[in-house]
Every structure is written in C-alpha cells, then in structure tokens.
Amino acid sequence: ASIRQNGSLVPLVKEKVIVYDAREEEIQAGPPHPLLVFGLLALACLVVSGLDYKRKKLSLWLDVILFGSTGLVGCMLFFLWFFTDHNDSAYNFNLLWAMPTHLIALVALQRKPLWQKKYFLVIAILQGLLLITWWVLPQALNTALIPVVASLCLRSLLNYALRRQAVSQ
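Quick summary incoming for the structure in this document. (Residues numbered from 1 in each chain as written. Predicted model: local features only at pLDDT ≥ 70, side-chain atom pairs only at ≥ 80, totals over all residues. Heavy atoms only, no water.)

## Details of the pattern of salt bridges
Thinking step 1. Tallied over the entire structure, the rule returns 3 salt bridges.
Thinking step 2. In this structure, Asp-52 and Arg-155 form a salt bridge, with 2.9 Å as the shortest nitrogen-oxygen distance. With Asp-52 in helix α1 (residues 34-55) and Arg-155 in helix α5 (residues 146-168), the pair connects residues that are 103 residues apart, well separated along the chain.
Thinking step 3. Exposure remark for Asp-52: the relative accessible area of 1% places this residue in the buried category.
Thinking step 4. Among the ionic pairs, Asp-63 bridges to Arg-155, the shortest N-O distance being 2.8 Å. Highlighted residues: Asp-63 in helix α2 (residues 60-83) and Arg-155 in helix α5, separated in sequence by 92 residues. With respect to burial, Asp-63 and Arg-155 carry one shared label: buried. (Salt bridge = Lys/Arg side-chain N within 4 Å of Asp/Glu carboxyl O. Helix = DSSP H or I, 4+ residues; strand = E, 2+ residues; numbered from the N terminus. Buried < 20%, exposed > 50% of the residue type's maximum accessible area, 1.4 Å probe, protein only.)

And the structure:
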C-alpha cells in the first residue's frame, strides 16, 4: 500500500515484516468419505435385495443391520430431543429416516405379525417422499445419507412385497 505525499506516491510502511509465512497443507489419509461408505452399503442392499426377490426370501441379517442401526440412531435423536436440553437436536428432521419404531419392527421380523406388512409400506412411502423432498425441507440434511434412505426405501418395499405375496399364497 502507498500514500500520496507531497505529490508523489510513497510506501505506507517503512519496511515489510512477514509475521506468518503460510505453507501448503499436507493432506493426510483419513477414513473414507461417508458418501462412499453409504454408497457401498446401498449397492450391497441393491444386490442382496435383487437376490432376495429372485428367491422370494428375505435376508433377515441385512434388515437387522439396516433397521437396527437406524432405529438406534433414531432412539438417540429422540432422547436428545425430548429428554435433554440440547436445543440443537430439537426438531431434528433426521427422525424421518432414523425412526425409533424400526427397533419394534425389527423385534417382530421373525414373528411376522399382520401389521408389519403395512408398516413397511408406510416406511417405503415415507422414505420415497423424503428422497423426493430432500432439498426443500426446512432443515438441511446431509446428502451423504441419501444412500441410507434409498436402502431403507428399497428394503421396506421388498419386505412389503414379499410379505404381501406370502399372505396371498
């Protein structure tokens, strides 16, 4: 920077002193990006669901992992919202995909009650609507979760379809 003094430009400072010399940051290898991990999960769900549909039998282990983990996340979010003073976790739209009710449905997977078919239909519709309205929700949800929601939608649709076929046969 310079200033005009007596009709000529002179430097604003007497001398330059470099206090901090920025150097290029060294990027260290870290864990894989969540979008990659959840994308691989969605791909695995797609492959397993395709095989399940062909053989007309559900892979309960996948439903236990998927609905169990999202149900546990939902319980944590529900607890933080209603039983603590964490204002940042109140009105959390992540409860649209991480539902505590998934744990109830998970417990009933082996017993196959009649309500479970309707439950999976409602969840499939809700997850589909969530995917469609992702960018217009009042709360910004992490886009890395889209494969998780798609997996929940796919597995819910498959659970509904195979349970519906089992009842009609």
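## A few points about the packing of α1 against α2
Thinking step 1. It is the contact of α1 with α2, at a shortest axis distance of 11 Å, that shows an interaxial angle of 150°. Taken together, α1 and α2 sit at an angle that is classed as roughly antiparallel. Judged by the sense of rotation from one axis to the other, the crossing of α1 with α2 is left-handed. Contacts between α1 and α2 pair Leu-41, Cys-45 and Val-48 from the former with Trp-61, Leu-62 and Leu-66 from the latter. (Axes fitted to C-alpha atoms, helices over the stretch in contact; angles between N-to-C directions. Parallel < 35°, antiparallel > 145°, perpendicular 65-115°, else oblique. Left-handed = near helix turned anticlockwise from the far one by under 90°. Contact = heavy atoms within 4.5 Å.)

## Notes on helix α4 (residues 115-132)
Thinking step 1. Helix length check: α4 (18 residues) gives 26 Å between terminal C-alpha atoms against 26 Å at 1.5 Å per residue, within 8%.
Thinking step 2. Listed as buried for α4 are Gln-116, Tyr-119, Phe-120, Ile-123, Ala-124, Gln-127, Gly-128 and Leu-130. Along α4, the residues classed as buried sweep out an arc of 165° about the axis, all on the same side. Residues Lys-118, Val-122 and Ile-132 are exposed on α4 and point more than 90 degrees away from its buried face. (Expected span 1.5 Å × (residues − 1). Arc of directions from axis to C-beta.)

## Topic: the pairing of strand β1 (residues 2-5)
If a strand is regular, its side chains alternate between the two faces of the sheet.
Thinking step 1. Taken together, the 4 bridges between β1 and strand β2 (residues 8-11) define a ladder with antiparallel strand orientation. Paired with Gln-5 across the strands is Ser-8, a residue of β2.
Thinking step 2. Between the antiparallel neighbours β1 and β2 lie 2 residues, among them Asn-6 with a positive phi of about 55°. (Pairing = 2+ DSSP bridges.)

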